[in-house]
Amino acid sequence: MPDRTMNATSTSEPFSSPGEAGPGREARPRVLLVEDDGKIAQEVAEELESRGFAVRHAETGPAGLAAALAETFDVMVVDRMLPELDGLTLIETLRGRQVSSPVLVLSALSAVDDRVSGLKAGGDDYLTKPFAMEELAARLEALMRRPNNTRETMLHVGPLSMDLIERTVTRDGQPIDLLPREFRLLEYLMRRPNQVLTRTMLLEDVWNYRFIPQTNLVDVHIGKLRRKIDDPAGVPLIHSIRGTGFMLRVPE
C-alpha cells in the first residue's frame, strides 16, 4: 500500500457506495473514509467494498466533519494530515459532539508520541502508512466488534490496572512488562471479566484470523501471560475452562 509520499496524484472526486438493506439482504457496514489522497482513497474503498463494506468518501476535514455529523457510520477511517482541518482536530470535534463511532487513524507518522496523540484525541486505533489492506480490514472488523463502552482510557479488574493510552499494565501498583500481543490479549480479557472466552473468539478478535487453524497459539500466549500477571502465592486470575476456553476471574 503506497503512502502519502508517493509521486502519483489523483483528481478523483469523493464517492460513496450504497449501504442500505434491500429486499432479502442485510445492510452493509457503513464506513466514512476521510482521506485527501484520491489514489489511496480509491484503493482503500475498492478493497473494503469487496469485503462487504459500504464506503462514503470525504476529501477534506470539513467535508468529513459534515458527513459524520449528518449520518451515522459503523466505523470511520481518518487520515491525520488533512487539508483545512487536520484529522486529530476532526476527531476531537466529533467526540465533543458526542459522535461515538469508532475511528481508525491513518498516518505516515509512526513514533510512539504520534500514536499516543492520535489515541488521546479520541481515536480508537492507529495504523501507519504504508499498510497492508488485509490489516486495515481486520482492524476495522475488530473495532466494530468492540462493546460500545470502550471510550475509557483505563481498565481496572481486581489487582490489575491497564492504561490504554500509555500502554502500561500494573498489578497492585507494580509494573508488568508485556509484549504487544500479550497486551492485546490481556485487554480483551479485562474488557470481559468473569466471561468464558473460547479459543475461537480469541483467535478472531485478538489475532484477527478469518479462519480457525489447528493451533495451540492461544494456549501458548495464555501461558506466558499467566506467568507475568498471576501471583504464584495467590489465587490465579486467568482460569482454564475445560473443553471451552479461558476466563479472567475477578477475586472476591
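Description of the structure in this document. Small disclaimer: the values here were computed from a predicted structure and weren't measured.

1. Some remarks on the overall build of the chain
- Helix and strand counts for the chain come out as eight helices and 12 strands.
- In the chain, which comprises 252 residues, the share counted as buried stands at 46%.
- Element-wise, carbon and sulfur atoms account for 49% of the exposed surface of the chain, whose accessible area totals about 12,800 Å².

2. Quick look at the packing of aromatic side chains
- Across all of its chains, the model carries zero aromatic pairs by this definition.
- If you follow R192 out to its NZ or CZ, it ends over the ring of Y188, 3.7 Å from the centre.

3. Some points on the pattern of salt bridges
- One pass over the structure, following the stated rule, counts 13 salt bridges.
- Of the charged contacts, one joins K129 and E35 as a salt bridge, the two residues approaching to 3.2 Å between their closest N and O atoms. Remark: E35 occurs in the loop between β1 (30-34) and α1 (38-50) and K129 occurs in the loop between β5 (125-128) and α5 (133-145); sequence separation between them is 94 residues. For the pair K129 and E35, a shared accessibility class is recorded, and that class is buried.
- Where D172 meets R171, a salt bridge forms, and the shortest distance between an N and an O atom there is 4.0 Å.
- By relative accessible area, R171 is classed as buried at 16%.
- Through salt bridges with shared partners, a single network forms among R30, R56 and E71.

4. Describing the pairing of strand β6 (residues 154-157)
- Residue alternation in β6 divides its side chains into a buried set, L155 and V157, and an unburied set, M154 and H156.
- Two strands pair when backbone bridges link them, and β6 and strand β7 (residues 160-163) are joined in this way by four bridges, in the antiparallel orientation. Paired with H156 across the strands is S161, a residue of β7.
- As consecutive antiparallel partners, β6 and β7 are separated by two residues, and within that stretch G158 has a phi angle of approximately 55 degrees, a positive value.

5. Section: the environment of L104
- Mapping L104 onto the fold places it in strand β4 (residues 103-107).
- Sequence separation between L104 and G123 is 19 residues, and the spatial gap between their C-alpha atoms is 6.1 Å.

6. So, the sheet that holds strand β11 (residues 238-241)
- Pairing in this open sheet of three strands is antiparallel, and the strands run β10-β12-β11 from one edge to the other. At either margin of the open sheet sits one strand with a lone partner, and together these are β10 (197-198) and β11.
- Of the pairings in the sheet, the one linking β10 to strand β12 (residues 245-248) comprises two bridges and is antiparallel in character. If you follow T198 over to β12, its bridge partner there is G245.

7. Concerning the packing of helix α2 (residues 61-70) against helix α3 (residues 87-96)
- Interhelical geometry of α2 versus α3 gives an angle of 25 degrees and a closest axis separation of 10 Å. Here α2 is positioned roughly parallel relative to α3, judged by the angle of their axes. Seen from above, α2 lies across α3 with right-handed handedness. In contact with G61, G64, L65, A68 and L69 of α2, α3 contributes L90, T93 and L94.
- For the contact of α2 with α3, the class distribution of residues is five nonpolar, three polar and no charged.

8. Let's talk about the environment of A142
- Position of A142 relative to the elements: it lies in helix α5.
- Classification of A142 as buried rests on a relative accessible area of 17%.

9. Quick notes on α5
- Across its 13 residues, α5 extends 19 Å between first and last C-alpha, which sits within 8% of the 18 Å expected from 1.5 Å per residue.
- For α5, the full list of buried residues reads M133, L136, A137, A138, L140, E141, A142 and L143.

10. Observations regarding the sheet that holds β1
- Spatial strand order, β2-β1-β3-β4-β5: five strands in an open sheet with parallel pairing. The two strands at the open ends of the sheet, each matched to only one other strand, are β2 (54-58) and β5. Neighbour-to-neighbour, the strand axes of this sheet turn through a mean angle of 20 degrees, independent of strand direction.
- In terms of strand pairing, β1 meets β2 through five bridges, oriented parallel. The partner of V34 across the bridge, within β2, is A58.
- Against the sheet, α2 contacts β1, β2 and β3 (75-79), and its axis sits at roughly 160 degrees relative to β1.

Rules behind the numbers
- Residues numbered from 1 in each chain as written.
- Predicted model: local features only at pLDDT ≥ 70, side-chain atom pairs only at ≥ 80, totals over all residues.
- Heavy atoms only, no water.
- Helix = DSSP H or I, 4+ residues; strand = E, 2+ residues; numbered from the N terminus.
- Buried < 20%, exposed > 50% of the residue type's maximum accessible area, 1.4 Å probe, protein only.
- Areas by Shrake-Rupley, 256 points an atom, 1.4 Å probe, with all protein chains shown as cover.
- Phe/Tyr/Trp six-rings, centres within 6.5 Å; stacked < 30°, edge-to-face > 60°.
- Lys NZ or Arg CZ within 6 Å of the ring centre and 35° of its normal.
- Salt bridge = Lys/Arg side-chain N within 4 Å of Asp/Glu carboxyl O.
- Pairing = 2+ DSSP bridges.
- Axes fitted to C-alpha atoms, helices over the stretch in contact; angles between N-to-C directions.
- Parallel < 35°, antiparallel > 145°, perpendicular 65-115°, else oblique.
- Left-handed = near helix turned anticlockwise from the far one by under 90°.
- Contact = heavy atoms within 4.5 Å.
- Nonpolar A, V, L, I, M, F, W, Y, C, P; charged D, E, K, R; others polar.
- Expected span 1.5 Å × (residues − 1).

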